[in-house]
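Geometric and topological summary
Listed below are the residues making up each chain.
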Amino acid sequence: NPADARQNLSRIRFGVQDMSRLVDDLLNLSRTGCAGLKSETVRLNTLVEEVLAGLKPEVANRNIEWRIAELPSASVDPGLIKQVFANLISNAVKYTLPRAQSVIEIGAELVDGATAIFIRDNGVGFDMKQAHRLFGVFQRLHEMEEFEGTGVGLATVQRIVRLHGGKIWANAELDKGATFHFTLKGIGAVPPV
């Protein structure tokens, strides 16, 4: 049956694409453990703007309200920290897909005396009882059928943040959104409002 053959070929193609993404993610994860950090002072807003420019085609038909505050500068490896923003912002875009009006907020605040960057969304959230699984390789809190992904992105993000002397954590409520915070050793003070 030609229709069944086309459907099977389509399934195989999607499977190969998923496997390719997984291999790329695993390679990125392994590289972050052995690459030397190239540290330079950068405006974090510049990295966010670059990530958003790359996401334009993906969000073109979405109703997303972006709330982006002035972020501090930081002495970091810009390529790696851009990857952190890319992953966290892409996740916010992905997990707000069911919302008619998505709201994604990026800002900085003081947490226990340290400057923390946050990415907050009004998406599907998750059960905090599962939060311990968030940063594990291949750990997913949502079904593949609901949201695509390899389960490697947040593990990579955590590794990059730790390489920069920082920490990352998340707070969420099921069906009410999530907030990811991270600190970095070379980050400046929270800019005045």
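Below: a short report on this structure. Model, not experiment: these values are computed from the prediction.

Rules used in this analysis
Residues numbered from 1 in each chain as written. Predicted model: local features only at pLDDT ≥ 70, side-chain atom pairs only at ≥ 80, totals over all residues. Heavy atoms only, no water. Phe/Tyr/Trp six-rings, centres within 6.5 Å; stacked < 30°, edge-to-face > 60°. Helix = DSSP H or I, 4+ residues; strand = E, 2+ residues; numbered from the N terminus. Lys NZ or Arg CZ within 6 Å of the ring centre and 35° of its normal. Buried < 20%, exposed > 50% of the residue type's maximum accessible area, 1.4 Å probe, protein only. Pairing = 2+ DSSP bridges. Axes fitted to C-alpha atoms, helices over the stretch in contact; angles between N-to-C directions. Contact = heavy atoms within 4.5 Å. Polar contact = N/O pair within 3.5 Å; in protein donor to acceptor, adjacent residues only side chain to side chain. Parallel < 35°, antiparallel > 145°, perpendicular 65-115°, else oblique. Left-handed = near helix turned anticlockwise from the far one by under 90°. Nonpolar A, V, L, I, M, F, W, Y, C, P; charged D, E, K, R; others polar.

Here the focus is the packing of aromatic side chains. Here the structure, examined in full by the defined rule, presents one aromatic pair. Summarising the aromatic geometry, the rings of phenylalanine 85 and phenylalanine 182 are spaced 5.6 Å apart at their centres and angled 70° between planes, so their arrangement reads as edge-to-face. With phenylalanine 85 in helix α3 (residues 78-95) and phenylalanine 182 in strand β7 (residues 177-182), this pair connects stretches of sequence that are 97 residues apart. Between the NZ or CZ atom of arginine 120 and the centre of the ring of phenylalanine 118, over which it lies, the distance is 4.4 Å.

To continue, consider unusual backbone geometry. Although it is not a glycine, aspartate 112 sits at a positive phi angle of roughly 50°. Note on placement: aspartate 112 falls in the loop between β4 (102-111) and β5 (114-121). Aspartate 112 gets classed as exposed once you look at its relative accessible area, which sits at 77%. Located in the positive-phi region is aspartate 175, a residue other than glycine, with phi close to 65°. Mapped onto the elements of the fold, aspartate 175 is located in the loop between β6 (168-173) and β7. Relative accessible area serves as the criterion here: at 51%, aspartate 175 is assigned to the exposed category.

So, about the sheet that holds β4. Read from one edge of the open sheet, five strands run β2-β4-β5-β7-β6, paired in mixed fashion. Because the sheet does not close on itself, it has two edges, and the strands there are β2 (64-68) and β6. Shown here is a sheet whose adjacent strand axes are inclined to one another by a mean of 15°, direction ignored. Summarising the sheet, β4 and β5 pair through eight bridges and their orientation is antiparallel. The residue of β5 that forms the bridge with glycine 107 is phenylalanine 118. Lying on the sheet, helix α2 (residues 44-59) is in contact with β2, β4 and β5; it crosses β2 at an angle near 175°.

As for its position among the elements, threonine 179 is in strand β7. A distance of 3.1 Å separates a polar atom in the side chain of threonine 179 from a polar atom in the side chain of arginine 120. In this structure threonine 179 touches Phe118, Ile119, Arg120, Trp169, Ala170 and Asn171, once residues within four positions along its chain are discounted.

All right, on to the packing of α2 against α3 then. Contact pair α2 / α3: the axes reach a minimum separation of 9 Å and the direction vectors enclose 45°. By the criterion of interaxial angle, the relationship of α2 to α3 is oblique. Seen along the crossing, α2 lies across α3 with a hand that is right-handed. Contact residues: α2 offers Leu44, Leu47, Val48, Glu50, Val51, Leu52, Leu55, Glu58 and Val59, while α3 offers Pro78, Ile81, Lys82, Phe85, Ala86, Ile89, Ser90 and Val93. Taken together, the residues of the contact of α2 with α3 sort by class into 13 nonpolar, one polar and three charged.

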